[in-house]
Amino acid sequence: IALVILVILIVLSPNFQPNVHSLPPSQPATFYLHRQDNKTLNTITTDLWANTTQLWASSTQTEARNAVRNTPGIWDFYTQPELAGNTTFTGPLTFILYLSSSASTGTGTVITGTVSKITSGGTVVPLAIASLSNTPVTTTISVYTLTIVSNTYQIEAGAILDFTITVSIPGNQVRTITLYYDAPSYQSHVSI
């Protein structure tokens, strides 16, 4: 009930209306990564969401993924609610990610940020991708910045965005990669 009320307040209140609904000239929008109640939008069921609010959890949220050569760690955060109208997004798009690893992943590590749109029917359409090559993730929490070059992307009403983070590592030893988010000290997010 509280989430429904929050969504209504965001839609109805001009002070809380996400920047993505702005009229020209373009304004930047920042999508913060959050963990919320499980829900389904555009055939995607998850509790990992990205929205323009900074409603921080009471403690830092983390998502750990095991990674080894040829099996990357993958995180998907989806925007919600669905876009209310047709929108044009203009790059650059910047991922700010806080990551650590159970042990250093080595210099062959590649961190990738991908933006896709998911139509109301559930079709996934990749839009843009950026990577950091030879960037080891260590046992210390560190910030990683990925920038996707300038471009323009058309998003239809009813679509959502998927921000995918992928960490590919060399070597045959499994590493547990942890993404930190949903806290003032670890503001993993995507800016457009």
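Up top is the structure.
A short note on the overall build of the protein chain
Consideration 1: Each helix and strand counted, the protein chain has 1 helix and 13 strands in total.
Consideration 2: Counting from the amino terminus, helix and strand elements in the protein chain follow one another as α-β-β-β-β-β-β-β-β-β-β-β-β-β.
Consideration 3: Taking all 192 residues of the protein chain together, 44% fall into the buried category.
Consideration 4: If you take every contact in the protein chain between residues at least 6 apart in sequence, the share linking residues at least 24 apart comes to 76%.
Consideration 5: When the accessible surface of the protein chain is split by element, carbon and sulfur atoms take 55% of a total near 9400 Å².

Quick notes on the pattern of salt bridges
Consideration 1: In this structure the tally under the stated criterion is 3 salt bridges.
Consideration 2: For the salt bridge of Glu63 with Arg65, the shortest nitrogen-to-oxygen distance reads 3.2 Å.
Consideration 3: Residue Arg65 is classed as partly exposed on the basis of its relative accessible area, which comes to 22%.
Consideration 4: Lys117 is the salt-bridge partner of Glu156, the closest N and O atoms lying 2.8 Å from each other. Residue Glu156 is located in the loop between β10 (152-155) and β11 (160-168), and its partner Lys117 is located in strand β7 (residues 110-118); the two are separated by 39 residues in the primary sequence.
Consideration 5: On the accessibility criterion, Glu156 (36% relative accessible area) is partly exposed.
Consideration 6: For Lys117, a relative accessible area of 10% gives the class buried.
Consideration 7: Sharing partners across several salt bridges, the network here consists of Arg35, Glu63 and Arg65.

Some points on the nonpolar core
Consideration 1: By size, the foremost hydrophobic cluster in this structure holds 35 residues, and its most contacted members are Phe77, Phe95, Leu99, Phe163 and Leu179.
Consideration 2: With near-sequence residues (within four places) excluded, Phe95 lies in contact with Gly113, Thr114, Val115, Tyr144, Thr145, Leu146, Ile148, Phe163, Thr164, Ile165, His189 and Val190.
Consideration 3: Membership of the second largest hydrophobic core comes to 6 residues, among which are Ile44, Trp49, Tyr78 and Ile118.

Let's talk about unusual backbone geometry
Consideration 1: Cis geometry marks the peptide bond from Gln80 to Pro81; its omega dihedral reads 0 degrees.
Consideration 2: Relative to the helices and strands, Pro81 resides in the loop between β4 (73-79) and β5 (87-90).
Consideration 3: Of note in this structure, Asn42 is not a glycine but carries a positive phi near 50 degrees.
Consideration 4: Tracing the sequence through the fold places Asn42 in the loop between β1 (30-41) and β2 (44-51).
Consideration 5: One non-glycine residue, Asn134, lies in the positive phi region at around 50 degrees.
Consideration 6: Relative to the elements of secondary structure, Asn134 occurs in the loop between β8 (124-132) and β9 (142-148).

Quick notes on the packing of aromatic side chains
Consideration 1: Applying the stated criterion to the full structure yields 7 aromatic pairs.
Consideration 2: Centre to centre, the rings of Tyr98 and Tyr186 are 5.5 Å apart; their planes meet at 70 degrees, and the pair counts as edge-to-face. Taken as a pair, Tyr98 in strand β6 (residues 93-101) and Tyr186 in the loop between β12 (175-181) and β13 (189-191) lie far apart in primary sequence, 88 residues in all.
Consideration 3: Residue classification places Tyr186 among the partly exposed residues on the basis of a relative accessible area of 23%.
Consideration 4: On the numbers, 5.4 Å between centres and 45 degrees between planes, the contact of Tyr180 with Tyr186 is tilted.
Consideration 5: Among the aromatic residues, ring-to-ring pairing joins Phe31, Phe95 and Phe163 into one connected group.
Consideration 6: The ring of Trp49 is capped by Lys39, whose NZ or CZ atom sits 5.6 Å from the centre of that ring.

Here is what the cut-offs are and how they apply
Residues numbered from 1 in each chain as written. Predicted model: local features only at pLDDT ≥ 70, side-chain atom pairs only at ≥ 80, totals over all residues. Heavy atoms only, no water. Helix = DSSP H or I, 4+ residues; strand = E, 2+ residues; numbered from the N terminus. Buried < 20%, exposed > 50% of the residue type's maximum accessible area, 1.4 Å probe, protein only. Contact = heavy atoms within 4.5 Å. Areas by Shrake-Rupley, 256 points an atom, 1.4 Å probe, with all protein chains shown as cover. Salt bridge = Lys/Arg side-chain N within 4 Å of Asp/Glu carboxyl O. Core = buried A, V, L, I, M, F, W, Y, C linked by side-chain atoms within 4.5 Å. Phe/Tyr/Trp six-rings, centres within 6.5 Å; stacked < 30°, edge-to-face > 60°. Lys NZ or Arg CZ within 6 Å of the ring centre and 35° of its normal.

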